[in-house]
There are 2 protein chains.
Amino acid sequence: MLSQEEISSIRNFNRDYTKLLGIMNKKVLDTPLSWTEGRVLLEISFNNDKTPIAVASNLGLDKSYTSRIIKRFEKNNLINKSPSSTDSRSIELSLTSDGESLVKELNKRSDQQIDDLLSNLSSSEQQEFYQAMTVLDNLLFNRK
Amino acid sequence: MLSQEEISSIRNFNRDYTKLLGIMNKKVLDTPLSWTEGRVLLEISFNNDKTPIAVASNLGLDKSYTSRIIKRFEKNNLINKSPSSTDSRSIELSLTSDGESLVKELNKRSDQQIDDLLSNLSSSEQQEFYQAMTVLDNLLFNRK
DNA sequence: AATTTTAGTGGACAAAGTCCACTAAAATGC
DNA sequence: GCATTTTAGTGGACTTTGTCCACTAAAATT
C-alpha cells in the first residue's frame, strides 16, 4: 500500500491536472458551446442514433437538463430529432451537416490542445508521456 | 511527435479521468461545502494568513465571488478575518477550530478517495500507478 | 500633491444544474 | 388481457455557481 506522502502527491497531481484540463476546457470554449454542451454534441456524434436518455445517462446529466440542451441544438440547427421506429416515446438524434462540421471543429481544437500541451516536450519525452498515461489508463479503466 | 491515434487516446484518458475525478469530487461533497468552497478552505489552510485576493488569484476565482464565499465561511464560523497590520485595505484570514476540523475531515476524505481509487489494484500495481503518475507530473508540472 | 492601482464589497445578472410534476407510451404482474 | 408500474421526454420553478460592473478607501506611483 502507498505511504501518506505518495497519496499526497497523487492528490497534488489530481489537483494540478484538473486545473490544467479546466484551463484547456475553457479554451475550447471559444466555440459557441459550453463544456457540457460540447460533451453532449460529441456523445451524439459517437453514435448517430442516440436517444436523449442514453446521452443523459452516459454523461451523468439530468434528463430535463439534457432535454433543454438538445432543444437548443435543434433550434440552432445542429441536430435533427426523428421519432424512433421501435419506441414511440423515444427520439432518435442525428447531426445535421452544421452539427457535423461543429463536431469536426471541436475535435480539431481538442487535438490541437493536446498538441499544445505537449509542445514543450521533446519527442522522446512525448513518448514517455504517452507511455505513462497508457499505464494509468490500463490500471484505472481497462481492467477486465 | 505523436500519431493521431496516440493523441486520440490521450483525449480519451483525459475525458475518463476528468469524469472519474468529477465523480470523486461529488463524493467529497458529502461535506457542507461545494467543490470550490472546499478548494478555498484548503487554500486558506495551507498558509494560515492568506488574504482574500491571494486566495482568489491562486485559485483563479473572481474576487467578488471569493469575497462572498469567505463571508459565508465567517458566518458559519469556519474562519476569522483580522485586519492586516501592514496594509489597511487588506484582511488576514485564519481558520477557527471549527475550520481546522473541517479541513482535517476534508483531507481525510480526499485521502480515503485515493485509497478507494486504488483499492482494486494490487500492491505492485499501485506502485506502477504511482510511478507512472510521477512521470506525468514531472513532465507536465515540474519542468524547471 | 495628483493620479493610478489595488483590496475588498455588493448589486444585478447570466449560466449551469436540480427537483418536481406531468403526459403518453411501454413493460410488467397477475 | 387488463391494471399497475416503469420509462422517455418536456416544462416550470428554483438553487447554485459564477461573472461583470461600480463603488469605497487605502496604497503605490509619478
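An unreviewed UniProt entry lists chain A under the name MarR family transcriptional regulator, with Companilactobacillus nuruki as the source organism.

The next thing to look at is the relation of the copies chain B and chain A. One copy of the chain maps onto the other through a rotation about an axis plus a displacement along that axis. The operation relating chain B to chain A is a screw motion whose rotation component is 179°, with 0.0 Å of axial translation and a residual RMSD of 0.2 Å. Both copies of the chain, as the preceding transformation shows, are related through a two-fold rotation axis. Proximity to the rotation axis, assessed at the C-alpha, singles out Ala132(B) in chain B; its C-alpha lies 2.3 Å from the axis. Take the interface residues of chain B: 98% of them recur as interface residues in chain A, which is what a same-surface contact looks like.

Right, let's talk about the protein's contact with DNA strand D for a bit. Taken together, 21 residues sit near DNA strand D, with Ile53(A), Arg68(A), Arg89(A), Tyr65(B) and Ser88(B) positioned nearest. Within 4 Å of the protein, the contacting atoms of DNA strand D are 62% sugar and phosphate, with bases supplying the remainder. Between DNA strand D and Arg68(A) there is a distance of 2.3 Å, counted from a base oxygen to a side-chain nitrogen or oxygen. Between DNA strand D and Ser64(B), the relevant distance is 3.1 Å, taken from a base nitrogen to a side-chain nitrogen or oxygen of the residue.

Right, let's get into the protein's contact with DNA strand C. For DNA strand C, the set of nearby residues contains 22 residues, the closest of which are Tyr65(A), Ser88(A), Ile53(B), Arg68(B) and Arg89(B). Taken together, the sugar and phosphate atoms account for 61% of what DNA strand C places within 4 Å of the protein. A distance of 2.9 Å is found between a phosphate oxygen of DNA strand C and a side-chain nitrogen or oxygen belonging to Lys81(B). At a separation of 3.2 Å, a sugar or linking oxygen of DNA strand C approaches a polar side-chain atom of Ser90(B). Here the element with the most residues in the surface near DNA strand C is helix H4 (residues 63-75) of chain B; it accounts for five residues. Taken together, the residues that form the surface near DNA strand C break down as four nonpolar, eight polar and ten charged.

Now for unusual backbone geometry. Unlike most non-glycine residues, Asn77(A) shows phi in positive territory, near 60°. Mapping Asn77(A) onto the fold places it in the loop between helix H4 (63-75) and strand E1 (79-83).

This next bit is on the side chain of Ser84(B). Residue and element names in this part refer to chain B. Looking at the secondary structure, you find Ser 84 in the loop between strand E1 (79-83) and strand E2 (91-95). In this structure the side chain of Ser 84 is engaged in a polar contact, spanning 3.1 Å, whose partner is the backbone nitrogen of Thr 86. Ignoring sequence-local partners within four residues, the contact set of Ser 84 consists of Ser 90, Ile 91 and Glu 92.

The next point concerns the interface of chain B and chain A. Between chain B and chain A, the residue contacts involve 45 residues of the former and 45 residues of the latter. Here chain B and chain A share an interface that buries about 4,800 Å² over both sides, 67% of which is from carbon and sulfur atoms. Ranking the residues of chain B by area buried against chain A places Arg11(B), Phe13(B) and Tyr130(B) at the top, with a combined share of 13%. The interface formed by chain B and chain A includes two salt bridges. With a shortest N-O distance of 3.1 Å, Arg11(B) and Asp111(A) are connected by a salt bridge. The tally of links between chain B and chain A comes to eight residue pairs in polar contact (both at pLDDT 80 or more).

Residues and elements named next belong to chain B. Considering all chains together, one arrives at 14 salt bridges over all chains under this definition. Where Arg 15 meets Asp 16, a salt bridge forms, and the shortest distance between an N and an O atom there is 3.4 Å. The class of Arg 15 is partly exposed, set by a relative accessible area of 41%. The exposure class of Asp 16 is partly exposed, given its relative accessible area of 25%.

The rules behind the values
Residues numbered from 1 in each chain as written. Chains lettered and ligands numbered in written order. Predicted model: local features only at pLDDT ≥ 70, side-chain atom pairs only at ≥ 80, totals over all residues. Heavy atoms only, no water. Least-squares fit on C-alpha atoms with pLDDT ≥ 70 in both. Contact = heavy atoms within 4.5 Å. Near = heavy atom within 4 Å. Polar contact = N/O pair within 3.5 Å; in protein donor to acceptor, adjacent residues only side chain to side chain. Helix = DSSP H or I, 4+ residues; strand = E, 2+ residues; numbered from the N terminus. Nonpolar A, V, L, I, M, F, W, Y, C, P; charged D, E, K, R; others polar. Buried area = accessible area lost by both parts, 1.4 Å probe. Salt bridge = Lys/Arg side-chain N within 4 Å of Asp/Glu carboxyl O. Buried < 20%, exposed > 50% of the residue type's maximum accessible area, 1.4 Å probe, protein only.

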